[in-house]
Amino acid sequence: MDQQPPGSPQGPRDQGPQDAGSLPGCYRHPDREAGVRCTRCERPICPECMVSASVGFQCPDCVRGGSGTGHAPAANQPRTLAGGTVAADPRLVTKVLIGLNLAIYLVQLSVGDAFTDRFTLFGHALLSGHMQGVAEGQWYRMLTSMFLHSPSSYTHIIFNMLSLWWVGGPLEAALGRARYITLYFVSGLAGSAFTYLLAAPNQPSLGASGAIFGLFGATAVLMRRLNYDMRPVIALLVINLIFTFGWSNIAWQAHIGGLVGGVVVGYAMVHAPRERRNLVQYGVSALMLVAVVVTTLLRTAQLT
């Protein structure tokens, strides 16, 4: 979560997208409920196993075998729901992000406040004898703050990394690596921009929750797309919003900004028409980044 150090812990999040109904288990992952069946063999498949086809979705086995399409198996490269390549390790990017956050946290503990102050997000304030902040040209703080956590609160990074694993892992499998990375960083920057716009100029903010709330929003869009029961995700959203607005020292602006960014980009990722998929997906992501830049420029002009 993004915090205003010293931070307060945010409550743990429930596990990622699941269907509360009694759906059949995926034939490759029996522990995962499947709301979709392969259009060729009719076996139940989970989001990780769903390969986008001309009509509906196919399982990886049918795609690799060609399924009587007349094409060589290599011509039917497995694709995720959003059109990404099916990877051997569908959670690799999530693991790298968690490792990066933990590594930077160890640096924070080793180096101390000097490191955290150098890369945390704030508009402008007197620090080390001179004015610093995004308004003073240090725009990199909007990105670097996404990988910092409050050194005084272990629960801050623990809950964020658990949330990233629970929510990010299934989402990465459903979107593919490139789209998942795009979603993560666009959501995080949207949270940073909203914080920069609305928070006090000297109010520090740091944490991965802007990006994580973006993943949460995209997860809700994905579950809706797959016709899963929305009650669990709505309940989870309500719980997180209660923590966001009910606890002190939490930068609610980052949470809301990230959530909005995640919903917009997530919708483009899972609803883009096949014939213009890349254009819509990355075009919407680019427009969100333009909005981030414009917001940052307007706030900077206001503060300087």
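Residues numbered from 1 in each chain as written. Predicted model: local features only at pLDDT ≥ 70, side-chain atom pairs only at ≥ 80, totals over all residues. Heavy atoms only, no water.

Draft legend 1. Inspection of the side chain of Glu172 at higher detail. Residue placement: Glu172 occurs in helix H5 (residues 154–175). Here Glu172 sits buried without a salt bridge, and the closest side chain of opposite charge, Arg177, lies 4.2 Å off (N-O distance). Here Leu92 takes part through its backbone nitrogen, which lies 3.3 Å from a polar atom of the side chain of Glu172. Side-chain polar atoms of Glu172 contact the backbone nitrogen of Val93, separated by 2.9 Å. When neighbours within four sequence positions are excluded, Glu172 is seen to be in contact with Asp89, Pro90, Arg91, Leu92, Val93, Thr94, Arg177 and Tyr180. (Helix = DSSP H or I, 4+ residues; strand = E, 2+ residues; numbered from the N terminus. Buried < 20%, exposed > 50% of the residue type's maximum accessible area, 1.4 Å probe, protein only. Lys, Arg positive; Asp, Glu negative; His and termini not counted. Salt bridge = Lys/Arg side-chain N within 4 Å of Asp/Glu carboxyl O. Polar contact = N/O pair within 3.5 Å; in protein donor to acceptor, adjacent residues only side chain to side chain. Contact = heavy atoms within 4.5 Å.)

Draft legend 2. Expanded view of the environment of Ala220. Within the secondary structure layout, Ala220 lies in helix H7 (residues 209–225). Measuring from C-alpha to C-alpha, the distance between Ala220 and Pro232 comes to 9.6 Å, with 12 residues separating the pair along the chain. When near neighbours in sequence (up to four residues on either side) are disregarded, Ala220 contacts Met230 and Val233.

Draft legend 3. Structural view of the side chain of Arg141. Assignment of secondary structure puts Arg141 in helix H4 (residues 141–144). For the buried Arg141, no salt bridge exists, and the shortest N-O distance to an oppositely charged side chain is 7.1 Å, to Asp117. A polar side-chain atom of Arg141 sits 2.8 Å from the main-chain carbonyl oxygen of Thr120. In this structure the side chain of Arg141 is engaged in a polar contact, spanning 3.1 Å, whose partner is the side chain of Gln132.

Draft legend 4. Representation of helix H2 (residues 92–111). For H2, which comprises 20 residues, the first-to-last C-alpha distance of 28 Å matches the rise-based estimate of 28 Å (1.5 Å per residue) to within 8%. Buried within H2 are the following residues: Val93, Thr94, Leu97, Ile98, Asn101, Ile104, Tyr105 and Gln108. Projected down its long axis, H2 shows its buried positions confined to an angular sector of 140°, all on one face. Opposite its buried face, H2 presents the exposed residues Val96, Leu106, Ser110 and Val111, each directed more than 90 degrees away. Taken together, the buried residues of H2 touch helix H3 (113–119), H5 and helix H6 (177–198). (Expected span 1.5 Å × (residues − 1). Arc of directions from axis to C-beta.)

Draft legend 5. Molecular detail of the confidence of the model for the chain. Overall, the prediction assigns the chain a mean pLDDT of 84, with 86% of residues at 70 or greater. Scored below 50 in pLDDT, residues 6–21 shows 52 contacts in the model against residues more than four places distant or in partner chains. In the predicted structure, residues 67–75 sits below a pLDDT of 50 and forms 10 contacts with residues beyond four places in sequence or in another chain. (pLDDT = per-residue confidence, 0-100.)

Draft legend 6. How the structure looks around the nonpolar core. The biggest cluster of nonpolar side chains holds 62 residues, and the ones touching the most others in it are Ile45, Leu164, Leu171, Tyr184 and Leu215. Every element with two or more residues in this core is listed here: H2, H5, H6, H7, helix H8 (231–246), helix H9 (252–271) and helix H10 (277–303). Tallying contributions element by element places H7 first for this core, with 9 residues. Excluding anything up to four places from it in sequence, Leu164 contacts Thr94, Leu97, Ile98, Gly169, Tyr180, Tyr184, Ile212 and Leu215. (Core = buried A, V, L, I, M, F, W, Y, C linked by side-chain atoms within 4.5 Å.)

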